[in-house]
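Overview (structure and organization)
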Amino acid sequence: MTSHILITGAGQRIGLAIAHHLLLQGHKLILSYRTRHTEISKLEHLGATCIQADFIDDASISHFIKQVNQHTSSLRGIIHNASSWDCENNTLDFAALFDDMMRIHAKVPYLINLACTKLLTANNNVADVIHLTDYVVEKGSPKHIAYAASKAALDNMTKSFASQLAPKVKVNAIAPSLIIFNQDDSKEYKAKTLKKSLMEIEPGSKEILNCLDMLLTSSYITGRTIQVDGGRHLK
Ligand SMILES: NC(=O)c1ccc[n+]([C@@H]2O[C@H](COP(=O)([O-])OP(=O)(O)OC[C@H]3O[C@@H](n4cnc5c(N)ncnc54)[C@H](OP(=O)(O)O)[C@@H]3O)[C@@H](O)[C@H]2O)c1
């Protein structure tokens, strides 16, 4: 039986790097993308099953889960990467912002994990669920209040799902602080952000890939959050 790894939001940046990394290792992938970036065709060419999905409501989430079930009978893992770094400064509709953040970071992983339990436990090998959270889970964020709260909800679900799904499925979170800057970040913003960690670098996706490899090859780590933050908590 062919097992797949499911990655959400794999059309760009970290999700895309994860997809290429796992394809190189020989894994079969099912990916979700919202925008059809040019990279999606390349991923399809390399054998990945790419499903367009904009998680705007319960119906779109449930439609995506149905499509996943049509493509595979077994999952080796799920990587919840899809995310939106939206903030209170961008809107006056705080109710909508809160709902959007909670949907993409908490409700989508929650519903997918519950609906895919059978797929995750379909064969004898241990499976993995990995939640991409954020450093702000630990400290909150006055400029991204709803974002931080929704990532904290995801972090908490790591523990609940780890207990529920053990020993057949390990469930862990990776909590990064700065990994890659956004294209339009200013020089001043970059300088200020680099100073926030002890390491003072923009490490790039490789740090997440290393962490992912460690979690996927472990037989014993579950219910934990791996901090990838350059020691930011000590500054
Ligand atoms: N990059 C960092 O330095 C950093 C720092 C801390 C935490 N993280 C976490 O690491 C993960 C990857 O980060 P990243 O910077 O690579 O993220 P990103 O560039 O923002 O990509 C996230 C992906 O999620 C998709 N997405 C957003 N809303 C969606 C929705 N409603 N339905 C379906 N897909 C949706 C986006 O689709 P579109 O392509 O259509 O926009 C995008 O491709 C995220 O979980 C992020 O929170 C990253």
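Throughout what follows, the structure given in this document is the object of discussion. Just so we're clear, the structure is a prediction, and the values are computed from it rather than from any experiment. All residue numbers refer to positions counted from 1 along the written sequence of the respective chain. With the structure being a predicted model, the display of local features is reserved for residues of pLDDT at least 70 and the display and counting of side-chain atom pairs for 80 or more, all residues being used for whole-chain, interface and lining totals.

Helix and strand assignments come from DSSP, with helices taken as H or I runs of at least 4 residues and strands as E runs of at least 2, each series counted from the N terminus. Helices and strands together make up the secondary structure of the chain, namely nine helices and seven strands. Both definitions apply: the radius of gyration is a C-alpha atom measure, and the globule rule equals 2.2 Å times residues to the power 0.38. For a compact globule of 235 residues, the expected C-alpha radius of gyration is about 18 Å, and the chain comes in at 17 Å, within 12% of that figure. Viewed in the frame of its principal axes, the chain has a C-alpha envelope of about 50 × 35 × 35 Å. With C-beta atoms placed from the backbone, a residue counts as buried when 20 or more other C-beta atoms lie within 10 Å of its own, as exposed when 12 or fewer do, and as partly exposed for counts between those limits. Burial status across the chain gives 39% buried among its 235 residues. Of the contacts formed within the chain by residues at least 6 apart in sequence, a portion of 69% connects residues at least 24 apart. Two residues qualify as a contact pair if the distance between their C-beta atoms, derived from the backbone, is within 7 Å.

Between helix α4 (residues 94-115) and helix α7 (residues 145-165), whose axes approach to 8 Å, the crossing angle comes to 15°. In this view, α4 runs roughly parallel relative to α7, as classed from their interaxial angle. The handedness of the crossing between α4 and α7 comes out as right-handed. Facing Leu97, Phe98, Met101, Met102, His105, Ala106, Pro109, Tyr110 and Asn113 of α4, the residues of α7 in contact are Ala146, Tyr147, Ser150, Lys151, Ala153, Leu154, Met157 and Phe161. Of the residues that constitute the contact of α4 with α7, the class distribution is 13 nonpolar, three polar and one charged. In this analysis an axis means a line fitted to C-alpha atoms, helices contributing only their contacting stretch, and an angle means the value between N-to-C directions, from 0 to 180 degrees. Between 65 and 115 degrees an angle is taken as roughly perpendicular, under 35 as roughly parallel, over 145 as roughly antiparallel, and anywhere else as oblique. Crossings are assigned a handedness: left-handed for a near helix turned anticlockwise from the far helix by less than a right angle, right-handed for a clockwise turn. Each residue is assigned to one class: nonpolar for Ala, Val, Leu, Ile, Met, Phe, Trp, Tyr, Cys and Pro, charged for Asp, Glu, Lys and Arg, and polar for all the others, Gly among them.

Let us now look at the environment of Ala149. Note that Ala149 resides in helix α7. Distance in space between the C-alpha atoms of Ala149 and Ala106 is 9.6 Å, their sequence separation being 43 residues.

Each residue after the first adds 1.5 Å to the expected span of a helix. With twelve residues, helix α1 (residues 13-24) ought to run about 16 Å at 1.5 Å a step, and its terminal C-alpha atoms sit 17 Å apart, in line with that. Within α1 the residues assigned to the buried category are Ile14, Gly15, Leu16, Ala17, Ile18, Ala19 and Leu22. A positive backbone phi angle near 95° is found at Gly26, which sits one or two residues after α1.

Once that is clear, we can look at unusual backbone geometry. Put simply, Ala166 and Pro167 share a cis peptide bond, and its omega is 0°. Mapped onto the secondary structure, Pro167 falls in the loop between α7 and β6 (169-176). Although it is not a glycine, Arg13 adopts a positive phi angle of roughly 50°. Examined against the element boundaries, Arg13 turns out to sit in helix α1. A count of 17 C-beta atoms within 10 Å places Arg13 in the partly exposed class.

So, on to the site of the ligand. In the vicinity of the ligand there are 24 residues, among which Gly9, Arg13, Arg34, Thr35 and Ser83 approach most closely. With three residues, the single largest contributor to the shell around the ligand is α1. Nearness rests on one distance test: the residue's C-beta atom, set from the backbone, must lie within 6 Å of the molecule or strand.

Let's shift gears to the nonpolar core. Core analysis: the biggest nonpolar cluster contains 60 residues, and Ile7, Ile18, Ala19, Leu29 and Leu31 have the highest contact counts within it. Contacts of Ile7, omitting those with residues within four sequence positions, involve Gly15, Ile18, Ala19, Leu29, Leu31, Ile79 and Asn81. The term nonpolar core refers to a group of buried residues, namely Ala, Val, Leu, Ile, Met, Phe, Trp, Tyr and Cys, whose C-beta atoms join them within 7 Å.

To continue, consider the pairing of strand β3 (residues 49-52). Only strands joined by at least two bridges in the DSSP assignment are considered to pair. Relative to β3, strand β2 (residues 28-33) is paired through four bridges, and the arrangement is parallel. Within the sheet, the bridge partner assigned to Tyr33 lies in β3 and is Gln52. As a crossover connection, the stretch from β2 through helix α2 (residues 39-45) into β3 is right-handed. Seen with its strands pointing away from the viewer, a crossover is right-handed when the path leading from the first strand over the helix to the second is clockwise.

Bringing the sheet that holds strand β7 (residues 225-228) into the picture now. Remark on secondary structure: sheet strands pair via backbone hydrogen bonds, oriented parallel or antiparallel. Taken together, the seven strands give an open sheet; going across it, the order is β3-β2-β1-β4-β5-β6-β7, and neighbouring strands pair in parallel fashion. One side of each edge strand has no neighbouring strand; the edge strands of this open sheet are β3 and β7. For this sheet the average axis-to-axis angle between neighbouring strands, irrespective of direction, equals 15°. Where strand β4 (residues 75-80) and strand β5 (residues 127-132) come together, four bridges link them in parallel fashion. Within β5, the position partnered with His80 by the bridge is His131. Along the sheet, α7 contacts β5, β6 and β7; its crossing angle with β6, the most-contacted strand, is approximately 165°.

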